[in-house]
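If you want the building blocks of each chain, they are given just below.
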Amino acid sequence: MTRNKHLLLWTSLGSIALLGAAITDEHFRQEWRRMQLDYRQQLPEESAVQFPIQLRQIVVPPLQATDRCVTCHLGMIAGGEEIVGDPVFGAHPDVVHDPAEYGCTVCHGGQGRATRKADAHGRVPHWPEPMLLPEMSYAGCGACHTHLTVPNLSQLNRGQALFERYDCLRCHSLEGRGATLRPGQEEGVDAPDLSRAGIRGFEPAWYEGHLEQHRNAVTGPWKTSFGEIPAAERTAIEVFLSSRVGAPGLVESKSLFHSLGCRGCHLVGGVGGDDGPDLTQAGHKDPGQLNFSHVPGERSVPNWYAEHFRAPGKLVPGSQMPALELSDSEIALLNFYLLSLRRAPVPQAFWPRDRVRAEHLGEREFSRDGETLFTTFCSACHGDQGQGRRYAGMEPFPAIANPDFLTLASDEFLTETVRRGRPGRRMPAWGEKDGGLRPDEIDEVVKYLRGLSGVAPPAPEEESRWAAGNATLGGRLYASACASCHGEDGRGQEGPALNNPVFLEIATDRYLVETVRKGRSGTTMPAFGSPALTHRMLSQEEIEAIVTYIRNWETQP
Amino acid sequence: MSHPAAAHRKDGSGALARFWWNLRSTPQMFREAVFRSGKPTSDRSRSSFVFGNFFLHFHSVRVHRWTLRWSATWGLGVITAASFALTFITGVLLMFYYKPYPDVAYDSIKDIHYVVPTGRFIRNIHRWSANLMVVTVFLHMARAFYTAAYRSPREYNWILGMALLVLTLGLSFTGYLLPWDQLAYWAITIGANIALSPREVTDALSITVYFDPGGFQKLLLLGSDEVGEEALIRFYLLHVMILPALLLMLMGVHFWRVRKDGGIVRPSDADRRLGPPHRNTYPVFTEQPVKTYHLAAVVRGRSPAVQGGPENTVPAMPHLFYAEAAVFMLAIALCLALAILADAPLKELANPAVPENPAKAPWYFLGVQELVAFSAFTGGIVIPVIVLIGLALIPFLDREKQGTGEWFGGPGGARLVLISAAFGMSSSILIEAFAIRFGWLREWWPEVPQMLITIVNPGTVLTLAYAFFSIWAMRRYDSTRAGALALFTCFLCGFIVLTVIGYHFRGPNWEFYWSPAHWPGH
C-alpha cells in the first residue's frame with residue numbers, strides 16, 4: 001500500500017503542478033497579453049489607467065471576418081490610441097476602407113481568428129492563406145476590386161514618364177513622393193495629392209487653369225515649374241492620372257499582365273483562353289498544396305510563382321506554358337497581379353463600382369482598343385507585332401501579320417478565324433460563348449492586325465467556291481507535294497492541318513489557290529507556282545485540282 | 001440522539017428549543033443521512049461504508065492481495081476508465097462552444113483553440129485522453145488475454161470488454177469528423193468508402209441493383225452520398241449521446257461483472273504463492289463479516305469470502321482505493337502533461353475539391369487502412385469482423401484450466417508467445433515488404449478482376465498464415481490455450497506492424513517512403 005500511496009502522492013502533486021503550469025500559461029505567458037502590457041507601458045498615463053488587458057476583435061459578418069489582429073495592432077482598432085512610429089502599435093496607414101468596417105483579413109489575408117503572431121500571420125502549416133507580404137499589400141484590393149480598370153501598358157508608362165518629366169511632383173504629391181514646393185509659395189496651400197486622382201477625379205480643365213496661373217505668375221513655382229504641354233502628352237498624363245486609384249503597383253502589374261498575352265491561354269473571370277489553368281483565384285493558392293522541391297528560398301506562393309515563370313516545366317511536369325524569359329522586375333509585377341486575383345465571396349452590397357459595372361453593365365477591365373486587345377489575348381502566341389513566336393519544345397505559332405497571308409485573308413476570314421478558332425489546334429475560339437470576346441472587340445483586333453502589316457484586304461470575291469479541278473489528280477498531287485508537311489488526309493505535321501472544318505469553311509478557293517501558288521514567305525511553305533529546285537512547279541490547273549481534292553474533306557473528313 | 005430540550009414545557013417554548021437544537025445539529029444529521037454507517041474508522045465500518053455507498057459498492061468489500069500486486073493488472077482498466085472520465089468531462093466542456101455545422105464547426109474549433117479560456121488546453125486533454133483510452137483499452141484486453149482472464153466465469157465479461165473496445169473505437173472515429181478540417185473530412189471519406197466496400201463483391205456478382213448492403217451502410221453512416229452536414233450531425237449525435245450512453249451503461253455492467261465474477265482473476269494457488277501477509281498490512285479481518293456472508297449466501301459463485309476464506313484478503317478501503325486513486329491520478333497527470341506538450345491537430349478547413357494526399361485515418365485504424373489499400377472489403381470489413389468473432393469465441397474454445405491468472409499462463413507459456421511474436425512480426429513484415437517491392441496482382445496483371453484481389457491479398461494471406469501457425473501451436477502443445485496464445489499474439493503483432501507501416505512509411509498515393517521527409521514536395 002505504501003507504493004500506491006507514494007504513487008498517489010506524486011501523481012497528484014504532478015497533476016497540480018501541471019495545472020499550475022497551464023494556468024500560468026493561460027494568464028501570464030500568452031503572447032498577446034505581453035504585447036498589451038508593453039503597449040500599456042508606452043501609453044500616456046491617463047490612457048494607460050483605462051486600458052484593459054483583453055482580447056479585441058473586429059467582426060464583420062457579411063464579409064465572414066472575425067479578425068483579432070487588433071488584439072496586438074492596438075493602434076488600428078476604432079478609437080485606439082496609436083504609438084507613433086511603432087511597427088505594431090502604429091495606426092493603420094491612410095486608406096479609404098476603415099479596418100473597423102471591413103476587418104483585416106479581407107484585404108491582407110492571414111488568420112483572423114488566431115491570437116498568436118505566427119498563426120495570425122498565417123505562415124504556418126495548415127493555413128491556406130498566409131498574410132500578404134507588406135510590399136504586396138495592395139494585391140489584397142483584388143478581393144473586392146476584381147475589375148479594376150487598367151490602361152494599355154505603353155500608354156501608362158508613357159504617361160508616367162511624362163508626369164515625371166514635366167515635374168508635376170514639384171508641387172503635387174503622389175503615393176508618398178513629391179510636393180516639395182507650394183504653388184503659392186510659403187504662405188500658399190498644398191497642391192492636391194494625386195494618389196487617388198483616378199477615383200476622386202480631377203478638373204477636366206486643369207491644364208487651362210494651370211496655364212493661366214503660369215502666364216500670370218512672375219516668380220515662384222507657377223512660373224518655374226510649369227510649362228506648356230502638347231495635347232497628345234496631356235492625354236497620356238491624364239491616362240496615367242486616371243489609373244491612380246490608391247493602389248500603387250496593382251495597376252502597373254495588371255497592365256503588364258494584359259500586355260503579355262497571358263489571357264490567350266488563361267481565363268480570368270470567364271474571359272480568356274482555356275489552354276492553361278483558370279487564374280480567377282490564382283491569389284488563393286495554398287502554399288501547402290504546392291510542390292516546393294525545386295523552389296529555392298522560402299516556401300511562399302510568390303517564390304513558387306517566380307520560379308514557375310522562370311521554368312514552368314520544372315515545377316509543373318508537362319506544363320504547356322512557355323518560358324517567357326521575363327526580367328526579375330516583370331516577374332515581381334506579375335506575382336503581384338496573380339496574388340491580387342483573390343475574388344472573395346463578398347455580398348453584392350460590398351461590391352465596388354468596378355465590379356458592379358463589369359458584372360452588371362458589361363464594362364471591361366481592360367481598354368478595348370485593338371492594340372490592348374491584341375496584346376492581351378494574342379501576343380503570347382503570335383508575338384506583339386504579329387510576327388509569330390517559337391518556344392522551345394512547341395510547334396511554332398504562325399506569323400499572322402505576314403503580308404503574304406494578309407493580302408489573301410479577307411477581314412471576314414480573320415474575324416471568323418478569331419471567333420471560331422481552329423478546332424484541334426491551339427488557337428481557341430474567341431467568340432462570346434467561348435473565349436468571351438464580343439463582336440466589336442474582334443473587329444478591333446482584326447483592324448489592328450490589318451494595321452500591323454499595312455496590307456489592304458483582298459478585293460471581295462463574288463464566288464468563294466469556284467475551283468473545279470480533277471480531284472483524283474489532286475489527290476495524287478497532294479500525296480506527292482503536300483502530304484510530307486500537311487500530313488496524310490491533311491491532318492497536319494510540320495505544317496498546319498488542312499482538314500480542319502472551320503478552316504475549310506471560311507477559307508475561300510482563292511485563298512487556297514493563291515497560298516499554294518505564292519507560298520508564305522518566312523515559313524517553310526514554298527511558292528508552288530514558281531519554278532524551284534526543291535519541288536515540282538505546279539500549273540494553275542494542278543493547283544485547282546489540289547484545292548478541289550482538299551475540299552472533299554469538308555464533307556468527308 | 002437525545003434531546004435535552006425534549007420535555008414539553010407548558011409555556012410552549014419547548015418547540016422553539018427543539019427547533020434551535022435541530023438547526024444546530026442539521027450538518028451532523030445531514031452527514032449521517034448521507035453516510036449511513038458513520039465515520040469509517042474501523043475495518044468493519046469501512047466495509048459497511050463501501051457497501052453502502054452507491055459509487056463504491058461495485059467494489060468487493062474485501063479484495064484479495066493478489067489483485068493489489070501491480071503486475072496483476074498494471075492498472076490498465078482503471079487507466080482506461082480514468083481517461084474515459086477525462087474525455088467525458090472535457091467533452092462536455094467542449095460542447096459548450098462546439099457548433100455541429102460545416103464550416104461553423106471549424107470556426108468554433110478555431111475559437112476554442114484561440115479565445116475560449118483554457119479551450120486549447122481542454123481540447124488537448126480531450127484528444128490525448130481519447131488516445132490514451134484507445135491505447136489502454138487494447139493493452140487491457142491483451143492483459144486479460146495473457147492472464148487467461150476470459151475463462152469461466154468471466155466469458156461474458158470478456159465479450160462485454162470487446163463491445164467496449166468497439167464502442168471506444170467508434171467514439172474516437174465519430175469524434176474525428178467533428179473539427180471539420182481536411183484531416184477529418186478525408187479520414188471519414190475513407191471510412192465511408194469502407195462502409196461502401198461490400199459493393200466490391202456485389203458488383204463482381206452484378207447483384208448491386210438488387211442487393212446493395214454497401215450503399216445502405218454508407219447511406220446509414222453519412223445520411224447522404226457525401227460527407228456533409230448530414231454526416232456531421234450524425235457523427236455528432238453518435239459522439240456525444242448515443243455511444244457515450246452505451247459505453248457508460250456497458251462500463252457499469254463490465255465493472256459489476258468484475259465483482260460478481262469474483263474479482264480480478266488470480267491463480268488458484270494464489271494464497272500459497274503470496275505467503276503470509278506483510279506485517280505492515282492492515283490486520284487481517286477475522287470478525288465474521290455481516291453483510292458479505294449474507295450476500296454470499298445469495299450470490300452464486302466465488303466471492304472471495306466463500307471460496308478461500310478471508311485470510312488473504314484485505315479491506316478494499318483503503319488498500320484498493322489507494323491503488324485505484326493512484327492509477328487514476330497517473331492517467332490524469334499523463335494526459336495533462338501531453339496536453340501541455342502537444343496540441344491536438346487541426347488542418348485546413350475541409351475542402352471536398354482538394355483531397356488530402358495521403359488521407360490517413362486515425363492511427364489505430366491505419367493497420368486496417370493498410371489492408372484497405374488492397375481491398376476495402378477484405379481489409380475494412382471481412383478481416384476486422386473475423387478478428388472480432390475470433391476474439392469473442394476465445395473463451396468458448398479454450399476451456400482449459402492451466403495457467404489461469406498467470407501472465408502468459410498455459411502450455412507453451414512465455415516461450416510460445418515469443419515465438420508467436422517473432423512469427424507474427426516477421427510474416428507481416430515479409431508480406432508487406434513483398435507487396436511493396438514487387439507489387440500485388442494488380443501490378444502484375446492490370447486486367448485482373450477485383451474479386452480475385454478481394455480474395456487473395458496480403459491481408460487474407462497473412463490471416464491464413466496466422467491460422468495455420470495457430471493450428472501448429474495447438475497440435476504442438478496439444479492445447480487449445482496454446483493455439484489461442486499463438487493466434488492472439490500473431491494478430492497483435494500484425495496489427496502493430498501494419499499500423500507502424502501505415503503511420504510512418506506510407507506517403508502520397510499510399511506509396512512506400514522510408515520517412516515522411518522523403519515525400520515529394522518536402
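Relevant structure appears above.
Sequence positions are assigned chain by chain, starting from 1 and proceeding in written order. A letter from A marks each chain and a number from 1 marks each ligand, given out in the order of writing. Local features in a predicted model are, by the rule used here, given only for residues with pLDDT of at least 70; side-chain atom pairs are given and counted only at 80 or more, and totals for whole chains, interfaces and linings are based on all residues.

### Focus: the overall build of chain B
1) Next: To qualify as a helix, a DSSP run of H or I must reach at least 4 residues; to qualify as a strand, a run of E must reach at least 2; elements of each kind are numbered from the N terminus. A tally of regular secondary structure across chain B gives 23 helices and two strands.
2) Next: Taken along the three principal axes of its C-alpha coordinates, chain B extends 105 × 60 × 45 Å.
3) Next: Backbone-placed C-beta atoms define the burial measure: a residue is buried with 20 or more other C-beta atoms within 10 Å of its own, exposed with 12 or fewer, and partly exposed in between. Residue burial in chain B is summarised as follows: out of 522 residues, 43% are buried.
4) Next: Whether two residues are in contact depends on their C-beta atoms, placed from the backbone: they are in contact if these lie within 7 Å. Contacts in chain B between residues at least 24 apart in sequence constitute 75% of all its contacts with a sequence separation of at least 6.

### A closer look at the packing of helix α19 (residues 413-438) of chain B against helix α23 (residues 480-505) of chain B
Residues and elements named next belong to chain B.
1) Next: To get an axis, fit a line to the C-alpha atoms, keeping to the stretch in contact for a helix; angles then go from 0 to 180 degrees between the N-to-C directions. The contact between α19 and α23 brings their axes to 8 Å, and the two run at 40 degrees. Put simply, α19 runs oblique to α23. Crossing geometry of α19 relative to α23 is assigned as right-handed. Here α19 contributes L416, V417, S420, A421, F423, G424, M425, S428, I429 and E432 to the contact with α23, which in turn contributes A482, L485, A486, T489, C490, C493, G494, V497, L498 and I501.
2) Next: Considered class by class, the residues forming the contact of α19 with α23 number 14 nonpolar, five polar and one charged. Roughly parallel refers to an angle under 35 degrees, roughly antiparallel to one over 145, roughly perpendicular to one between 65 and 115, and oblique to any angle outside these ranges. By convention, the crossing between two helices is left-handed when the near helix turns anticlockwise from the far helix through less than a right angle, and right-handed when the turn is clockwise. Under this grouping Gly is polar, as are all residues other than the nonpolar Ala, Val, Leu, Ile, Met, Phe, Trp, Tyr, Cys and Pro and the charged Asp, Glu, Lys and Arg.

### Quick notes on the interface of chain A and chain B
1) Next: Each side of the interface is counted separately: chain A has 25 residues, and chain B has 26 residues.
2) Next: A per-class count over the side of chain A that touches chain B returns 11 nonpolar, 11 polar and three charged.

### Observations regarding the nonpolar core
1) Next: Core analysis: the largest hydrophobic core is formed by 127 residues, its most contacted members being A184, I188, A331, I332 and C335 of chain B.
2) Next: Sorting elements by how many residues they give to this core places helix α16 (residues 316-341) of chain B first, with 17 residues.
3) Next: Setting aside anything within four residues of it in sequence, one finds I332 of chain B in contact with S15 of chain A together with A82 and L86 of chain B.
4) Next: Within the second largest apolar cluster, 107 residues are counted, among which are A143, F163, L256 and F405 of chain A. Defined on buried residues, the nonpolar core groups Ala, Val, Leu, Ile, Met, Phe, Trp, Tyr and Cys residues joined through C-beta atoms within 7 Å.

### What to know about the environment of P396 of chain A
All names here are of chain A.
1) Next: Residue position: P396 is located in the loop between α18 (379-382) and α19 (403-408).
2) Next: Taking the C-alpha atoms as reference, P396 lies 8.6 Å from C381; in sequence the two are 15 residues apart.
3) Next: For P396, the residues in contact, after removing those within four places along its chain, are G388 and R390.

### Considering helix α12 (residues 229-260) of chain B
Residue and element names in this part refer to chain B.
1) Next: Between its terminal C-alpha atoms α12 stretches 45 Å, which fits the 46 Å expected from 32 residues at 1.5 Å a residue.
2) Next: Note that the bend at a residue is defined as the angle between axes fitted to the seven residues ending at it and the seven residues starting at it. Of all the bends in α12, the largest measures some 45 degrees and sits at L238.
3) Next: Along α12, the positions that sit buried rather than exposed are A231, L232, F235, Y236, H239, V240, L243, L247, H254, V258 and K260.
4) Next: Residues of α12 that are buried sit in contact with α5 (76-95), α6 (104-114), α8 (155-177), α9 (182-196) and α11 (213-222). The span you would expect from a helix comes to 1.5 Å times its residue count less one.

### A closer look at the packing of helix α7 (residues 119-146) of chain B against α8 of chain B
Residue and element names in this part refer to chain B.
1) Next: At a closest axis distance of 10 Å, the pairing of α7 and α8 adopts a crossing angle of 160 degrees. In terms of orientation, α7 and α8 fall into the roughly antiparallel class. As α7 packs across α8, the resulting crossing turns out to be left-handed. Each of A130, M133, V134, V137, M141 and A144 in α7 lies in contact with α8, whose residues at this interface are W158, G161, L164, L165, T168, L169, S172 and G175.
2) Next: The residue inventory of the contact of α7 with α8, partitioned by class, reads 10 nonpolar, four polar and no charged.

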